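Residue-level structure breakdown
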Amino acid sequence: MAVALTFLLLLSLDFSSSLSIPLGSNLHASSDRNHSWYSPNSAFSVSFIPAATPGSFLSAVVFSNTVPIWSPGTVDSGGSLRLLRSGSLRLVNSSGATVWDSGSENKGVTSASLEDSGNLVLRSRRNTTVWSSFAQPSNVIVPTQPLTVGKSLRSGSYSFHLTEEGSLNLKWNDSIVYWSQELINKSSSNLSSPSFVLERNGVASIFDSSGGVVVSVRSNDYGEEEGVFRFLKLEEDGNLRIFSVSKGGEIQTQTWVAVADQCQVFGFCGNFGICRYDGFVPTCECPSENFVPIDVNDMRKGCKRKVELEDCRGNQGMLDLNNTRFLTYPPELSTQRFTLGTEACRANCLVDSLCFASVLMADGSGVCFQKLSGLVSGYKSPSVPSTSSLKVCKPVLPYSTVKKTDERSLIRALIIALVVIATRDETVDMEQVTRMVQASFWCIQKHPSQRPSMGKVVQMLEGIIEMAKPLAPNALADIRDTENS
């Protein structure tokens, strides 16, 4: 009870340490940090920092000049954040187009301030809060910032919510719950207005106005407060993590993660994408050669069919994916559910024009799901005993193990050829050698769509066309693993 009262008192306190930002103030994306708006303790600032896209800048409340904890959006180099005399805080591009607006125009705002907690506040003449960044979170919450029912953290297609019952949920497209942690014993708890809060010591808890406190999760380094700043972040990969940063430092250390197995995050590999592990790193691939990547440089964007099902009616087959299962969560569970054997499960899907995949659960129940929705989120691992089946246009083209053997043979032959070339007496044309190596790497790319035609290979070797730097082929790692085994 005492902890709950302390929390409620914190919420009611005016974090008085703040510097007033007058109406009419502007921050420009091209300005240096000397033109930022700082909190009194200088730990936080409202700044522009370089975004992932070259030439773009993220407007954000930043901790230690490096860690964004709240952001209204991204602009070009000519963009600015403006505290208008009408009381609105507005983010605009160089063209003057509005990217984001606080919606506080003509609501009595007389100034803004950035508090020592990291909360950006718009205040009225009576010092009451009209708008605050803590009440409008983006994808991060920090200590003393409550996440309440109806609010959410968002990152791309993913969102993090607190329910009225006191559960924490991660959702894809606001529909599929792929992670949930129920924190409250419903039979003994009657919540009125729960709030989820990350405390400074690394403990994340549910607080309720009725006085109930339930500890939910703890960071690996919980208990340490001095000199450590913690934040909880929903990242673009759909996972929720707690990070710790030493005050004055830049290194972010992960100390807790919601979904331990990244491949279990729904939609992580996009439409028709299959997630598997390459060592400890989750990677995405297409189901078979019936598909091509949407973007070969970003496999998380998923795959697309070479031929759509409606273009091959009457000439369809089922692609069996061994050691693979399609992730199935509510509300998908209520679509088509049967108790069938493996063959009947896939055969029923093949003859059903609405079905595009079947999943036979590997728990011994014999439950078969006929998947009717448009997204397949697949997980491939030697530890998965089930086989999933995906409807494709014939011919069914599973990835061939022969191709990998050919890749190994080609690379071994290439290595031998280079050794021979390097030991000849006459002058070696290193430019020609470079073209040979690069062309061979292009020929053994994993996805067929990335491999050049024979005519193009000849042009590459003769130097007629320019060659981009090829992606490193997986076969090199395969050879290394084989030689070490």
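Residues numbered from 1 in each chain as written. Predicted model: local features only at pLDDT ≥ 70, side-chain atom pairs only at ≥ 80, totals over all residues. Heavy atoms only, no water.

**Quick notes on the overall build of the protein**
The helix and strand tally for the protein stands at 6 helices and 35 strands. A burial count over the protein gives 45% of its 485 residues as buried. Within the protein, counting contacts between residues at least 6 apart in sequence, those at least 24 apart form 50% of the total. Within the structure as shown, the protein displays about 24,000 Å² of accessible surface, and the carbon and sulfur contribution to it stands at 52%. (Helix = DSSP H or I, 4+ residues; strand = E, 2+ residues; numbered from the N terminus. Buried < 20%, exposed > 50% of the residue type's maximum accessible area, 1.4 Å probe, protein only. Contact = heavy atoms within 4.5 Å. Areas by Shrake-Rupley, 256 points an atom, 1.4 Å probe, with all protein chains shown as cover.)

**Regarding the packing of aromatic side chains**
Applying the stated criterion to the full structure yields 14 aromatic pairs. Ring centres of Phe-231 and Phe-243 lie 5.4 Å apart, and the angle between their planes is 20°; this geometry places the pair in the stacked category. Note that Phe-231 is positioned in strand β22 (residues 228–234) and Phe-243 in strand β23 (residues 240–246), a separation of 12 residues in sequence. Relative accessible area serves as the criterion here: at 1%, Phe-231 is assigned to the buried category. (Phe/Tyr/Trp six-rings, centres within 6.5 Å; stacked < 30°, edge-to-face > 60°.)

**Side note on the environment of Cys-269**
Position of Cys-269 relative to the elements: it lies in the loop between β24 (253–257) and β25 (273–278). For Cys-269, a relative accessible area of 2% corresponds to the buried category. Considered as a pair, Cys-269 and Arg-300 are 31 residues apart in the sequence and their alpha carbons are 4.3 Å apart. When neighbours within four sequence positions are excluded, Cys-269 is seen to be in contact with Ile-274, Cys-275, Thr-283, Cys-284, Met-299, Arg-300, Lys-301 and Gly-302.

**Section: the nonpolar core**
Formed by 55 residues in total, the largest nonpolar core has its most connected members in Phe-160, Leu-170, Tyr-178, Trp-179, Phe-196, Leu-232 and Leu-240. Once you skip the residues sitting within four places of it in the chain, Phe-196 turns out to touch Ile-141, Gln-145, Pro-146, Leu-147, Phe-160, Leu-162, Leu-168, Ala-204, Ser-205, Ile-206, Ser-216 and Leu-232. The next biggest cluster of nonpolar side chains, apart from the first, holds 31 residues, and it includes Val-61, Phe-63, Leu-122 and Val-142. (Core = buried A, V, L, I, M, F, W, Y, C linked by side-chain atoms within 4.5 Å.)

**Describing the sheet that holds strand β35 (residues 388–393)**
Pairing is antiparallel in the open sheet, where 5 strands are placed in the order β29-β35-β32-β33-β31. The strands lining the two open edges of the sheet, one partner per strand, are β29 (316–321) and β31 (337–339). Looking at each pair of strands side by side, their axes are set apart by 25° on average, direction ignored. Two strands pair when backbone bridges link them, and strand β32 (residues 357–360) and strand β33 (residues 367–371) are joined in this way by 4 bridges, in the antiparallel orientation. Bridge pairing in β33 links Leu-360 to Cys-368. Of the strands in this sheet, β29, β32, β33 and β35 are in contact with helix α2 (residues 342–351), which crosses β32 at around 160°. (Pairing = 2+ DSSP bridges. Axes fitted to C-alpha atoms, helices over the stretch in contact; angles between N-to-C directions.)

**Observations concerning the environment of Val-149**
Along the polypeptide, Val-149 turns up in the loop between β14 (147–148) and β15 (152–155). For Val-149, a relative accessible area of 33% translates into the label partly exposed. Spatially, the C-alpha atom of Val-149 lies 6.1 Å from that of Glu-164, the residues being 15 residues apart in sequence. Those residues within four positions of Val-149 in sequence are excluded, and the remaining contacts are Leu-162, Thr-163, Glu-164 and Pro-194.

**Structural notes on the sheet that holds strand β2 (residues 26–28)**
For sheets, the rule is that strands pair by backbone hydrogen bonds, running either parallel or antiparallel. Spatially, 4 strands are ordered β2-β7-β8-β9 in an open sheet, and the strand pairing comes out antiparallel. Bordering the open sheet on either side are β2 and β9 (98–101), each of which pairs with just one other strand. Strand-to-strand twist of the sheet, defined as the mean angle between neighbouring strand axes without regard to direction, takes the value 15°. Looking at chain direction, strand β7 (residues 80–83) and strand β8 (residues 89–92) are connected through 4 bridges and run antiparallel. Bridge pairing in β8 places Arg-82 opposite Arg-90.

**Re helix α4 (residues 430–443)**
Helix length check: α4 (14 residues) gives 20 Å between terminal C-alpha atoms against 20 Å at 1.5 Å per residue, within 8%. Residues Val-433, Arg-435, Val-437, Ala-439, Ser-440, Phe-441 and Trp-442 constitute the buried set of α4. (Expected span 1.5 Å × (residues − 1).)

**Overview of the pattern of salt bridges**
What the rule picks out here adds up to 12 salt bridges. Among the ionic pairs, Glu-236 bridges to Arg-300, the shortest N-O distance being 2.7 Å. Taken together, the residues span a long stretch of sequence, with Glu-236 in the loop between β22 and β23 and Arg-300 in the loop between β27 (291–293) and β28 (303–305) at a distance of 64 residues. Overall, Glu-236 belongs to the exposed group, its relative accessible area being 56%. (Salt bridge = Lys/Arg side-chain N within 4 Å of Asp/Glu carboxyl O.)

**Let's talk about the confidence of the model for the protein**
For the protein, per-residue confidence averages 83 on the pLDDT scale, and 81% of positions sit at 70 or higher. Here residues 1–17 is modelled with pLDDT under 50, and outside its nearest four sequence neighbours on either side it reaches 23 contacts, counting other chains as well. Confidence drops under a pLDDT of 50 for residues 475–485, and excluding neighbours within four residues, the segment shows 12 contacts in the predicted structure. (pLDDT = per-residue confidence, 0-100.)

**Observations concerning the pairing of strand β17 (residues 167–172)**
Both faces of the sheet carry side chains from a regular strand, because those side chains alternate between them. Taking burial as the measure, the 6 residues of β17 include 5 buried ones, the bulk of the element. The hairpin turn running from strand β16 (residues 158–162) into β17, its antiparallel successor, is 4 residues long, and Gly-166 in that turn takes a positive phi close to 95°. By the bridge criterion, 6 bridges tie β17 to strand β18 (residues 176–182) in an arrangement that is antiparallel. Bridge pairing in β18 links Ser-167 to Glu-182. Turn length for the β17-β18 hairpin, with the two strands adjacent in sequence and antiparallel, is 3 residues, and the turn residue Asn-173 shows positive phi of about 55°.

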